[in-house]
Amino acid sequence: MSPSSSSSSAALNPAVEFDAAIIGKLSQSGPRYTSYPTADRFTSDFGYGNFLEALASLRMRGGRRPLSLYVHIPFCESICYYCACNKIITRDRSKAVTYLSYLKQEITMQGKLFAGMNQIEQLHFGGGTPTYLSDRQMEDLMHHLRANFEFAPDDVGEYSIEIDPRTVSRERVQSLRGQGFNRISLGVQDFDAEVQKAVNRIQPEEETVAIIAAAREAGFRSVSIDLIYGLPKQNLSTMEQTLVKVIAADPDRIALYHYAHMPHLFKPQRRILDADMPDSATKLAMLGLCISTLTAAGYAYIGMDHFAKPDDDLAVAQRQGRLHRNFQGYSTRAEADLIACGVSAISSVGTVYSQNEKTLDAYYELLDEGRLPIARGIKLDTDDLLRRIIIQMLMCNFELSIVSIEQGYPLVFADYFAPELAKLAELAADGLLTLDKDWLTVTPKGRLLIRNICMVFDRHLALAKENAPQPLRYSKTI
């Protein structure tokens, strides 16, 4: 990126202010709000019938709505010690053959349920490692998807896939583009050799850069890189060197995640030595370095842990008030229902969330019975829908029109949310937000602690804390 383009884009960057003292004071464990209510509030009382009721309600409303489709491929060849995803580590390729036969069965069922209602405008393959599948298997799966769903044209739809650069070649990247993918996300995490060794993910820089070049050559519209700060062996020097290399690679988007070390929940993390972990002060300093370096390079701070070039669709959607947040992170398709296929995948349809079975055996068993493999979920009530809108607005736009909420719901905001306003006043005193009768506005200092602000409106979280001590299952808000 040239100095001129960097300086011209700086005016478009939403301001974000790093305040280590405030972050240190207020950082706590909390949800990431890829949904509200959050997935830990789903119950097994919700089942197949509840999902069909939600779908029937959509049909009664009539009309066509854009649809987002998520496909989960759970397999990986090797374990990355930091990983908290739902994955299956195996080199037995026959497991993928069996899984694909069931996955296609679920896709067929969903395609029939949504026939005539929706057009796919967004597709995302996640994992695990989607490129664990062979080129032929992916070709067959994409053909099956197109046979069961209507897809928007390539210049309209956003069709993305997560890849492990270690598992693909230049030719495979070309093939993925030919199969219909137009956005690609690369797991990198860190370029430092010692850090890679500590997390069991050896990935030479040249290999990653070559795949990015192949994606550009193949005509992918967007290339994204995932990074993690707070990994073992990381320090300010290694982080700075990684950032220099990432900026040189010139991705369109960068996702910068905080490593959540929770070995009590994720067994692979037990292989990470406590002695190798950076302390809290170092992690905060690394975050500050990442923010200042990426914004100076011309990337817009989107929110949470995402950065994008000012002309990227995410940045444009945020400026236009169209940004949305779902189980894949930030999205430009705010109005789309989300259908998720595969083991553990979570759908969002109308006023319900539903999650598939988390184990292959349970997933296969329900499909053998001719039923969607739904294990649990939740139907949102009016209060949930209200709070979901509020949290979405804050997460995506960093502001909330109180007047618009009162116009959309029969309530007086100050009365309905009196306890929340008292808590917000404390955050306002810390400089995280401003509040008047018409607007709640998150300050540049508060944007990094947006999860803390959203937690104020989380009724389920508040009730859970009142009823019993909460197990440590969330990552730190910073």
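Residues numbered from 1 in each chain as written. Predicted model: local features only at pLDDT ≥ 70, side-chain atom pairs only at ≥ 80, totals over all residues. Heavy atoms only, no water.

> Even after reading the chapter, I still don't get the overall build of the protein chain, so can you show me in this structure?
Along the protein chain, the regular secondary structure elements total 18 helices and 19 strands. Computed over the C-alpha atoms, the radius of gyration of the protein chain is 22 Å, within 12% of the 23 Å expected from 2.2 N^0.38 for a compact globule of 478 residues. Principal-axis analysis of the C-alpha atoms places the extent of the protein chain at approximately 60 × 55 × 45 Å. For the protein chain, the residues scored as buried account for 57% of the 478 residues in total. Taking contacts inside the protein chain between residues at least 6 apart in sequence as the whole, the part at least 24 apart equals 76%. With 51 positive and 57 negative side-chain charges, the protein chain shows a separation of 2 Å between the mean positions of the two kinds. (Helix = DSSP H or I, 4+ residues; strand = E, 2+ residues; numbered from the N terminus. Rg over C-alpha atoms; globule rule 2.2 N^0.38 Å. Buried < 20%, exposed > 50% of the residue type's maximum accessible area, 1.4 Å probe, protein only. Contact = heavy atoms within 4.5 Å. Lys, Arg positive; Asp, Glu negative; His and termini not counted. Charge placed at Lys NZ, Arg CZ, Asp CG, Glu CD.)

> Could you clarify how one ought to interpret helix α5 (residues 135–148) in this entry?
For an α-helix the count is 3.6 residues per turn, leaving residues at separations of three or four pointing the same way. Between its first and last C-alpha, α5 extends 20 Å over 14 residues, near the 20 Å set by a 1.5 Å rise per residue. Here α5 has its buried residues at Gln137, Met138, Leu141, Met142, His144 and Leu145. All buried residues of α5 fall inside an arc of 160° around its axis, so they share one side. α5 presents Arg136, His143 and Ala147 as exposed residues on the side facing more than 90 degrees away from its buried surface. Against the buried residues of α5 lie β1 (65–73), α4 (94–113), β4 (118–127), β5 (158–163) and α6 (170–178). (Expected span 1.5 Å × (residues − 1). Arc of directions from axis to C-beta.)

> Whenever I open this one, unusual backbone geometry confuses me. Can you help?
For residues that are not glycine, phi is negative in most cases, and the peptide bond is trans in most cases. At the junction of Tyr36 and Pro37, the peptide bond is cis and its omega measures out at -5° in the coordinates. The topology assignment puts Pro37 in the loop between α2 (20–26) and α3 (48–61). With an omega dihedral of 20°, the bond running from Gly127 to Gly128 counts as a cis peptide bond. Looking at the element boundaries, Gly128 is found in the loop between β4 and α5. Look at Asn200: it is not a glycine, yet its phi comes out positive at around 60°. Here Asn200 lies in the loop between α7 (193–198) and α8 (205–218).

> How should I be thinking about the sheet that holds strand β18 (residues 433–435) in this particular structure?
Pairing between the strands of a sheet comes from backbone hydrogen bonds, and it takes one of two forms, parallel or antiparallel. Taken in spatial order, the three strands of this open sheet run β17-β19-β18, and their pairing is antiparallel. Unpaired on one side and paired on the other, β17 (399–401) and β18 mark the two borders of the sheet. For this sheet, the mean angle separating the axes of adjacent strands, direction not counted, is 10°. Across the sheet, helix α13 (residues 382–397) lies against β17 and β19 (439–442), angled at about 135° from β17, the strand it touches most. Of the strands in this sheet, β18 and β19 are in contact with helix α16 (residues 418–429), which crosses β18 at around 130°. (Pairing = 2+ DSSP bridges. Axes fitted to C-alpha atoms, helices over the stretch in contact; angles between N-to-C directions.)

> Can you help me understand the pattern of salt bridges in this one?
In a structure, side chains of opposite charge can pair up when their charged atoms sit close to one another. The final tally for this structure, using the stated rule, is 28 salt bridges. Here Asp135 and Arg172 are joined by a salt bridge, their closest N and O atoms 3.6 Å apart. In this pair, Asp135 sits in helix α5 while Arg172 sits in helix α6, placing the two residues 37 residues apart along the sequence. Under the relative-accessibility criterion, Asp135 is labelled partly exposed at 33%. Owing to a relative accessible area of 10%, Arg172 belongs among the buried residues under this scheme. It is possible to trace a salt-bridge network through shared partners that takes in Asp381, Asp383, Asp384, Arg387, Glu420 and Arg459. (Salt bridge = Lys/Arg side-chain N within 4 Å of Asp/Glu carboxyl O.)

> Before we go on, may I ask you to explain the packing of aromatic side chains in this structure?
Within a pair of aromatic rings, the relevant descriptors are the distance that separates the centres and the angle that separates the planes. Overall, the coordinates contain 13 aromatic pairs when judged by the stated rule. Pairing Tyr416 with Phe417 gives two aromatic rings, centres 4.9 Å apart and planes at 65°, and the pair type is edge-to-face. Given a relative accessible area of 0%, Phe417 falls into the buried group. Pairwise contacts between aromatic rings join Phe75, Tyr99, Tyr102, Tyr132, Tyr363 and Tyr364 into one cluster. Residue placement shows Arg93 over the ring face of Tyr132; its charged tip is 3.9 Å from the ring centre. Directly above the ring of Phe151 sits Arg146, whose terminal nitrogen or CZ lies 4.6 Å from the centroid. (Phe/Tyr/Trp six-rings, centres within 6.5 Å; stacked < 30°, edge-to-face > 60°. Lys NZ or Arg CZ within 6 Å of the ring centre and 35° of its normal.)

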